[in-house]
Amino acid sequence: MTAFVPPIRADLALEVPYGAPQVFAPVLLNVNENPFDVPAELAQAIGAAVAAIAPNLNRYPDREAIKLRAELAVYLECESEITVTGNQIWAANGSNEIMHQLFLAFGGPGRIAMSFDPTYSMYPEYARDTFTEYRTFPRLEDFSIDVPSAVAAIAREKPTIVLLTSPNNPTGTALPLTQMIAILEAGLEINAVVVVDEAYIEFRRSGTSTALELLGKFPNLLVTRTMSKAFGLAGVRLGYAIASEQLIDALRIVRLPYHLSTVTQVVAKTALKHWGVLQAEVSILRTERDELSSWLIEQGFTVAQSDANFLLFGKFADRAVVWQSLLDQGVLIRQTGPQGWLRVTIGTPQENDRFRAALLLAPGTEQEAGR
Ligand SMILES: *Cc1c(COP(=O)(O)O)cnc(C)c1O
């Protein structure tokens, strides 16, 4: 018999599946999850809600997730004081799936998606899978976007998708509205969709704005959000987009039929009803972030200003040494972003204390931090 070689696309032949190895450690501060277990009252409500719909799982889900989208609109009114209709919202299995649909609808062969590095490492994968060309432009020293260059690049390269991430991962940097406006205007000139990935927006500091404020003015704006971070429901896989109805309707064309299970829809609706208790956790995490940031600065480290639930800090001559020492002490963080920097997710107060203690004992932290 002839040996079988899977006929994978030539451009995928040398690729490997995405993701850092899933290492175990007692303190997991590596993937920006919410560190708190799902609150007991929410966990029970989820169990009851799933039990209630279980007998009807012989039926396909609501393809359009009408009720969930309407309830997400109510949540946005409460969280961001922005009024949108359910028809301006789209939901999918994580904002990863939203992004994937976005590339299917607006990317494709011969088209360009543009982003600003360092940024989220998943974007190039969506581009690859959809035969979209991915072009990235460097951020400035402080990780902000060089807006005049970005505007010029948009006019020159004519992307169909421009990706802005605010707060940005892995830097935590939020993009001010005035800068967003300049980029949205440049995008509108050439008919590009400007995506603002707001995965971490609920952690923003007071005074930081959400792109939702610009929805009425820019039909080319699409904002993505998720329940994976502030809601503490990364395991549920629920992300959503907010945009003009025109853009949302385009996403509906490329979605798989029945993409969002009835179980996911019911769990997400239940979580929305419990936003109050989750909001209290978000507020603890914001305080912890600001305290940890000040502490790192006091220790002589450089810390990127963060509106998210993580901090990028450095700079280390050899970050791998520091990362390994923390892991040896039971604290897993992430080697990501530019050379010399490490990213730590904000954990519970106890976990953050373990991180502080471990960092003080780690070799390789002295030279550049001047400790
Ligand atoms: C974590 C993260 C997401 C969330 O993805 P989900 O698929 O919703 O879990 C999206 N964008 C960025 C930049 C992230 O860091």
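Residues numbered from 1 in each chain as written. Predicted model: local features only at pLDDT ≥ 70, side-chain atom pairs only at ≥ 80, totals over all residues. Heavy atoms only, no water.

## A few points about the UniProt feature "domain: Aminotransferase class I/classII large" (unreviewed entry) in the protein
The condition that has to hold: UniProt positions are given in the numbering used here, feature names are shortened, and annotations may be inferred rather than shown by experiment. Comment: elements are numbered from the N terminus, with helices defined as DSSP H or I runs of at least four residues and strands as E runs of at least two.
On the UniProt side, "domain: Aminotransferase class I/classII large" (unreviewed entry) is annotated at positions that read residues 27-358 here. With 42% helix and 16% strand, residues 27-358 has end C-alpha atoms that lie 11 Å from one another.

## Digging into the site of the ligand
To keep things clear, this is the line we draw: A molecule or strand has a residue near it when one of that residue's heavy atoms lies within 4 Å. N or O atoms within 3.5 Å of each other form a polar contact, as long as, within protein, one can give a hydrogen and the other can take it, and as long as residues adjacent in sequence are counted only when both atoms are side-chain atoms. Each accessible area is a Shrake-Rupley estimate made with a 1.4 Å probe; only the visible protein chains count as cover when residues are assessed. For this scheme, ten residues count as nonpolar: Ala, Val, Leu, Ile, Met, Phe, Trp, Tyr, Cys and Pro. Four count as charged, namely Asp, Glu, Lys and Arg, and the remainder, Gly too, count as polar.
Around the ligand, a shell composed of 13 residues is seen, among which Asn96, Tyr200, Thr226, Ser228 and Lys229 lie nearest. Take Asn96: an N or O atom from its side chain is 2.4 Å from an oxygen atom of the ligand. The side chain of Lys229 places a nitrogen or oxygen atom 3.4 Å from an oxygen atom of the ligand. In isolation the ligand offers 390 Å² of accessible surface; the protein chains occlude 93% of this area. Broken down by element, the residue count for the shell around the ligand peaks at three residues, all from helix 3 (residues 94-106). A per-class count over the shell around the ligand returns three nonpolar, seven polar and three charged.

## A few points about the packing of aromatic side chains
Condition: Two aromatic rings from Phe, Tyr or Trp, using only the six-membered ring of Trp, form a pair when their centres are within 6.5 Å; if the ring planes differ by under 30 degrees the pair is stacked, by over 60 it is edge-to-face, and anything between is tilted. We call a residue buried when its accessible area falls under 20% of the maximum for its residue type, exposed when it is over 50%, and partly exposed in between, using a 1.4 Å probe and counting protein chains only. Think of it as a cone above the ring: NZ of Lys or CZ of Arg counts as a charge over the ring if it is within 6 Å of the ring centre and within 35 degrees of the ring normal.
Taken as a whole, this structure holds 14 aromatic pairs when the rule is applied. Between Tyr123 and Tyr126, the ring centres sit 6.4 Å apart and the planes meet at 55°, which makes this aromatic pair tilted. Pair noted here: Tyr123 and Tyr126 are both in helix 4 (residues 123-129), with a separation of three residues, about one helical turn. In this pair, the class of Tyr123 matches that of Tyr126, namely buried. One aromatic cluster is present, built from ring pairs that chain together Phe103, Tyr120, Tyr123 and Tyr126. The ring of Phe310 is capped by Arg343, whose NZ or CZ atom sits 5.6 Å from the centre of that ring. We note Arg356 situated over the ring of Trp295; from NZ or CZ to the ring centre the distance is 5.7 Å.

## Some details on the sheet that holds strand 9 (residues 302-303)
Condition: Should DSSP find at least two bridges between two strands, the strands are regarded as paired.
With antiparallel pairing, the three strands of this open sheet are ordered in space as 9-10-12. Taken across any chain shown, the strands that pair with only one partner, and hence form the sheet edges, are strand 9 and strand 12 (341-345). With two bridges connecting them, strand 9 and strand 10 (residues 310-314) associate as antiparallel partners. Paired with Thr302 across the two strands is Gly314, which belongs to strand 10.

## Details of helix 3
Spelled out, the test is: Here the expected length of a helix is defined as 1.5 Å per residue gap, with one fewer gap than residues.
When the terminal C-alpha atoms of helix 3 are compared, their 19 Å separation across 13 residues agrees well with the 18 Å that a helix rising 1.5 Å per residue should span. Along helix 3, the residues that are buried comprise Gly94, Ser95, Glu97, Ile98, Met99, Gln101, Leu102, Phe103 and Phe106. Count one or two residues on from helix 3 and you reach Gly108, which has phi positive near 115°.

## Considering the packing of helix 2 (residues 66-80) against helix 8 (residues 262-273)
The test is simple: Helix axes use the C-alpha atoms of the stretch in contact, all axes being lines fitted to C-alpha atoms, and the angles between their N-to-C directions lie in the range 0 to 180 degrees. Roughly parallel refers to an angle under 35 degrees, roughly antiparallel to one over 145, roughly perpendicular to one between 65 and 115, and oblique to any angle outside these ranges. In a left-handed crossing the near helix is turned counterclockwise from the far helix by less than a right angle, and in a right-handed crossing that turn is clockwise. Contacts between residues were defined by any pair of non-hydrogen atoms, one from each residue, lying within 4.5 Å.
One way to put it is that helix 2 packs onto helix 8 with a least axis distance of 10 Å and a crossing angle of 20°. One finds that helix 2 runs roughly parallel with respect to helix 8. Crossing of helix 2 against helix 8: the hand is left-handed. From helix 2, Lys67, Leu68, Glu71, Leu72 and Tyr75 reach across to helix 8, where they touch Gln265, Ala268, Lys269 and Leu272.

## Examining the nonpolar core
Formally: What we call a nonpolar core is a set of buried Ala, Val, Leu, Ile, Met, Phe, Trp, Tyr and Cys residues that are connected through their side-chain atoms within 4.5 Å.
The biggest cluster of nonpolar side chains holds 88 residues, and the ones touching the most others in it are Leu164, Leu296, Phe313, Ile333 and Phe355. With seven residues, helix 9 (residues 275-298) is the single largest residue contributor to this core. Beyond its immediate sequence surroundings of up to four residues, Ile333 is in contact with Leu29, Asn30, Phe313, Trp323, Leu326, Leu342, Arg343, Val344 and Phe355. Counting 23 residues, the second-largest nonpolar core is a separate cluster that includes Trp90, Ala92, Phe103 and Met122.

## A short note on the domain arrangement of the protein
To keep it simple, the criterion reads: An automatic or database domain assignment is the source of the domain bounds shown. Take the accessible area each of two parts loses on contact, using a 1.4 Å probe, and add the two losses: that sum is the buried area. One speaks of a salt bridge when a side-chain nitrogen belonging to Lys or Arg is within 4 Å of a carboxyl oxygen belonging to Asp or Glu.
Domain boundaries assigned for the protein yield domain 1 (21-39 + 276-369) and domain 2 (49-273). Averaged C-alpha coordinates put domain 1 and domain 2 at centres separated by 26 Å. Taking both sides of the interface into account, the surface hidden between domain 1 and domain 2 amounts to around 2000 Å²; carbon and sulfur atoms contribute 56%. In this structure, the connection of domain 1 to domain 2 is made through one salt bridge. Among the salt bridges present, the one from Asp307 reaches Arg205, with a minimum N-O distance of 3.1 Å. In this assembly, domain 1 and domain 2 are joined by 11 residue pairs in polar contact (both at pLDDT 80 or more). Secondary structure elements with two or more residues in the side of domain 1 that touches domain 2: helix 9, strand 10 and strand 12. Each residue belonging to the side of domain 1 that touches domain 2 can be placed in one class, and the counts come to 11 nonpolar, seven polar and six charged.

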